[in-house]
Amino acid sequence: MADNEAAPATSNISVRRGEPLVVVSDVDKHFGDLHVLKNINTTVNRGEVVVVIGPSGSGKSTLCRAINRLETIDSGTISIDGVKLPEEGADLARLRADVGMVFQSFNLFAHKSVLENVTLAPIKVKKVPKRQAIEKAMELLERVGVANQAQKMPAQLSGGQQQRVAIARSLAMNPKLILLDEPTSALDPEMINEVLDVMVGLAKDGMTMIVVTHEMGFARKAADRVLFMADGEIVEEATPEQFFTNPTSERAQDFLSKILEH
């Protein structure tokens, strides 16, 4: 009997993986006269790593922030796990708790230790008991390779270590999705790989991620799909193999020729 009861749960998981998790439909956004997102339509499935690339000012970060409603949109809809993004209030806070966000500039709380940074949201938002939150935080800090820094303050860490703490902090909420907005662009070159290695590990573990980045190596290695944006539009959407070897749009060909020359 127990075996029979267990079976549906297992099949449920396999069915759910690959279902749409983020659906962006007909999204438009202006900053004054500037049309920064133009009729954006895309779907990100569970367990998928989608890398968003394109020239500066193409709308990549705005799209990433709109998915967490850190930026409002003028029209269209964004839904996460079947729920349309609420305008504000408790419903938005609940939905945001399911979406981790890692910023370019780490955004750690300077006056709290590394461990406190990672345990704060689970304790305050999800009401996780303190001991349990600490246990989970130490596991996550171990996973990203900075468990030995747990009692230090952020200012005592290198940029690469701080960004890895920021990733651990977002994982501490057990998010359905993590948004990473240029997570390596503020780092010195020798620190970039230590952060990218953590991200590749997350991708292998099946974490759903939307990553805005200039790191083409990461896009090639870890992405299931590349979205190429220019002038506020998704110009091209393809597998990394297709995109990097045979881009179909002139805009993407031009972008890649400039990037790959250096």
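Counting starts from 1 at the beginning of each chain's written sequence and moves along it residue by residue. Residues qualify for local features only when their pLDDT is at least 70, as the model is predicted, and side-chain atom pairs are given and counted only at 80 or more; totals for whole chains, interfaces and linings, by contrast, use all residues. Side-chain measures were taken over the full set of non-hydrogen atoms in the model, leaving aside hydrogen atoms and water.

### Overview of the sheet that holds strand β6 (residues 99–102)
As a reminder, the rule being used: Strands are treated as partners if at least two bridges between them are detected by DSSP. Here a strand is any run of E in DSSP of at least two residues, a helix any run of H or I of at least four, and the numbering for each starts at the N terminus. Angles shown run from 0 to 180 degrees and are taken between the N-to-C directions of axes, each axis being a line fitted to C-alpha atoms and, for helices, limited to the stretch in contact. The contact rule is simple, with two residues in contact once any of their heavy atoms fall within 4.5 Å.
Here six strands make up an open sheet; going across it, the order is β6-β7-β8-β3-β9-β10 and the pairing mixed. The open sheet has two free edges, formed respectively by β6 and β10 (233–238), since each of these has just one partner strand. Pairs of neighbouring strands in the sheet enclose a mean axial angle of 15°, with direction left out of account. Relative to strand β8 (residues 209–212), strand β7 (residues 177–181) is paired through four bridges, and the arrangement is parallel. Looking across to β8, one finds that L180 is bridged to V211. Across the sheet, helix α6 (residues 159–171) is in contact with β6 and β7; its angle to β6 comes to roughly 170°. Sheet contacts for helix α7 (residues 189–204): β3 (49–53), β7 and β8; angle to β8, the most-contacted strand, approximately 150°.

### Some details on the UniProt feature "domain: ABC transporter" (unreviewed entry) in the protein chain
Here is the rule: UniProt positions are given in the numbering used here, feature names are shortened, and annotations may be inferred rather than shown by experiment.
When the UniProt feature table is mapped to this numbering, "domain: ABC transporter" (unreviewed entry) covers residues 22–256. The span residues 22–256 shows a helical share of 39% and a strand share of 26%, and its end C-alpha atoms are spaced 27 Å apart.

### As for the sheet that holds strand β1 (residues 20–31)
Reading across from one edge, β2-β1-β4-β5 is the order of the four strands in this open sheet, with antiparallel pairing throughout. Edge positions in the sheet fall to β2 (34–45) and β5 (83–84), since each has one partner strand and no second. Pairing of β1 with strand β4 (residues 75–80) involves five bridges; the strand directions are antiparallel. By the bridge assignment, D28 is partnered in β4 with S75. Most of the contacts of helix α2 (residues 60–67) go to β1, to which it runs at about 120°, and overall it touches β1, β2 and β4.

### Observations concerning the nonpolar core
Short version of the rule: In these notes, a set of buried Ala, Val, Leu, Ile, Met, Phe, Trp, Tyr and Cys residues joined through side-chain atoms within 4.5 Å is what counts as a nonpolar core. We call a residue buried when its accessible area falls under 20% of the maximum for its residue type, exposed when it is over 50%, and partly exposed in between, using a 1.4 Å probe and counting protein chains only.
Ranked by size, the top nonpolar core spans 52 residues in total, and within it I53, L141, I167, M209 and F243 carry the most contacts. Sorting elements by how many residues they give to this core places α7 first, with nine residues. Excluding residues within four positions of it along the chain, I53 makes contact with K60, T213, M216, V226, L227, F228, M229, F243, F244 and F255. One finds V22, V27, I40 and M101 within the second-largest nonpolar core, a separate group that totals 26 residues.

### Some words on the side chain of S249
Put simply, the rule is: N or O atoms closer than or at 3.5 Å make up a polar contact, with two conditions inside protein: a donor-capable atom paired with an acceptor-capable one, and, for residues adjacent in sequence, both atoms drawn from side chains.
Residue position: S249 is located in the loop between α9 (240–245) and α10 (250–261). Engagement of the side chain of S249 in a polar contact is seen with the backbone nitrogen of A252, the distance being 3.2 Å. Those residues in contact with S249, other than ones at most four positions away along the chain, are V235 and E236.

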